[in-house]
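Summary of structural features
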Amino acid sequence: MPPPPDFTDDFRAGLVTLLRWRRDVRRFERTALPEGTLERLLELASVAPSVGLSQPWRFVVVESAERRGAVRDCFERCNAEALACFSGERAALYARLKLAGLNEAPCQFAVFADRTTQQGHGLGRMSMPATIDYSAVMAVHTLWLAARAEGIGMGWVSILDAAEMAVILDTPPEWTLIGYFCLGYPSEEHEMPTLEREGWERRRPPVVIRR
């Protein structure tokens, strides 16, 4: 059995930097990623923790221009509906926000959770079935950090209709949409998240309750 790795102070400092510089990227260069990059990142995502070692994440890489166009149309309709929920200055601010990189990102994929997977034999999820979805989110976060460490940006597009997306991407009915993601080289870098810079919201300290 190999000895455990020695995570040095420098490594831990670098990890903190990585966590702080992870960004939800909406502005991308159109430059394609090097061949094999996406496949390698998806392999890294699959080392994420999952309930019962179920690995319920399912990746749907979207390369078809027709399907990408349908995703973009879905986003634009849902975004217009979301805008209508706000009024006044908040609506004006929302309208100015760039909330997706669907026109520029060279790589796009969806992540689904397969709630019916038999892998893991149901361990750990019988009383909390939503842990299947949480496991897929862990894979997303793992991929996000791995990509950022290589200077690659990732953006989560959540302003979508899940049922419509299942039709667009022709996925099995037992799969649950976790999110649609854009991947590519960012066209700009910022230490502060976009929504903080634009004045939409500010990051707050964690809510901690002790019992």
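Let us look at the sheet that holds strand β3 (residues 153–157). Spatially, 4 strands are ordered β1-β2-β4-β3 in an open sheet, and the strand pairing comes out antiparallel. Strands with a single pairing partner mark the edges of an open sheet, and in this sheet they are β1 (57–61) and β3. Pairs of neighbouring strands in the sheet enclose a mean axial angle of 30°, with direction left out of account. Across 8 bridges, strand β2 (residues 107–114) lies against strand β4 (residues 175–184) in antiparallel orientation. Residue A110 lies in a different strand from β4, and its bridge partner there is Y180. Packed on one face of the sheet, helix α2 (residues 37–45) meets β1, β2 and β4 and runs near 170° to β1.

Relative to the assigned elements, R68 resides in helix α3 (residues 65–83). No salt bridge is formed by the buried R68; its nearest oppositely charged neighbour, E63, is found at 6.8 Å. Non-local contacts of R68, meaning those with residues more than four positions away in its chain, are made with V62, E63, A105, P106, C107, Q108 and Y180.

Our focus in this paragraph is the nonpolar core. Ranked by internal contacts, the top residues of the largest apolar core, which has 26 residues, are F75, L102, V157, L160, M165, L169 and Y180. Counting residues per element, the ones that place at least two in this core are α3, α4 (88–96), β2, α6 (162–169) and β4. In terms of residue count, α3 provides more of this core than any other element does, 4 residues in total. Not counting residues within four places of it along the chain, the set of residues in contact with L160 comprises V71, C74, F75, C78, M165 and Y180. Within the second largest apolar cluster, 25 residues are counted, among which are L38, V51, A146 and M154.

There is a patch of nonpolar side chains on the surface, built from F7, F11, L15 and L19 and spanning about 370 Å² of accessible area. Assessed through its relative accessible area of 44%, F7 is described here as partly exposed.

So, on to α3. Side chains of residues three or four places apart in an α-helix project in the same direction, reflecting 3.6 residues per turn. When the terminal C-alpha atoms of α3 are compared, their 27 Å separation across 19 residues agrees well with the 27 Å that a helix rising 1.5 Å per residue should span. Residues of α3 that are buried: R68, G69, V71, C74, F75, C78 and N79. Against α4, β2, β3, α6 and β4 lie the buried residues of α3. Looking at where α3 begins, the residue whose side-chain oxygen comes 3.2 Å from the main-chain nitrogen of E66 is S64.

Turning our attention to the packing of aromatic side chains. Pairs of aromatic rings are described using the distance from one ring centre to the other and the angle between the two planes. This structure, assessed with the given rule, holds 8 aromatic pairs. Taken together, a centroid distance of 5.3 Å and an interplanar angle of 80° make the contact between F86 and W200 edge-to-face. Linking F86 in the loop between α3 and α4 with W200 in the segment after α7 (194–197), this pair joins segments that are 114 residues apart in sequence. For the ring pair W144 and W156, a centre distance of 6.2 Å and an interplane angle of 50° mean the geometry is tilted. Note that W144 is positioned in helix α5 (residues 131–149) and W156 in strand β3, a separation of 12 residues in sequence. Against the face of W144 rests R22, its NZ or CZ located 4.7 Å from the ring centre. Taking NZ or CZ as reference, R90 lies 4.4 Å from the ring centre of W200, over its face.

On to the pattern of salt bridges. Within this structure, the stated rule accounts for 11 salt bridges. Among the ionic pairs, R12 bridges to D9, the shortest N-O distance being 2.3 Å. Of this pair, R12 and D9 both sit in helix α1 (residues 9–21), separated by 3 residues, roughly a single helical turn. Through salt bridges with shared partners, a single ionic network connects R27, E188 and R197.

About the cut-offs
Residues numbered from 1 in each chain as written. Predicted model: local features only at pLDDT ≥ 70, side-chain atom pairs only at ≥ 80, totals over all residues. Heavy atoms only, no water. Pairing = 2+ DSSP bridges. Helix = DSSP H or I, 4+ residues; strand = E, 2+ residues; numbered from the N terminus. Axes fitted to C-alpha atoms, helices over the stretch in contact; angles between N-to-C directions. Contact = heavy atoms within 4.5 Å. Buried < 20%, exposed > 50% of the residue type's maximum accessible area, 1.4 Å probe, protein only. Lys, Arg positive; Asp, Glu negative; His and termini not counted. Salt bridge = Lys/Arg side-chain N within 4 Å of Asp/Glu carboxyl O. Core = buried A, V, L, I, M, F, W, Y, C linked by side-chain atoms within 4.5 Å. Patch = residues over 30% accessible without salt bridge, like charges linked within 9 Å, V, L, I, M, F, W, Y side chains within 5 Å. Areas by Shrake-Rupley, 256 points an atom, 1.4 Å probe, with all protein chains shown as cover. Expected span 1.5 Å × (residues − 1). Polar contact = N/O pair within 3.5 Å; in protein donor to acceptor, adjacent residues only side chain to side chain. Phe/Tyr/Trp six-rings, centres within 6.5 Å; stacked < 30°, edge-to-face > 60°. Lys NZ or Arg CZ within 6 Å of the ring centre and 35° of its normal.

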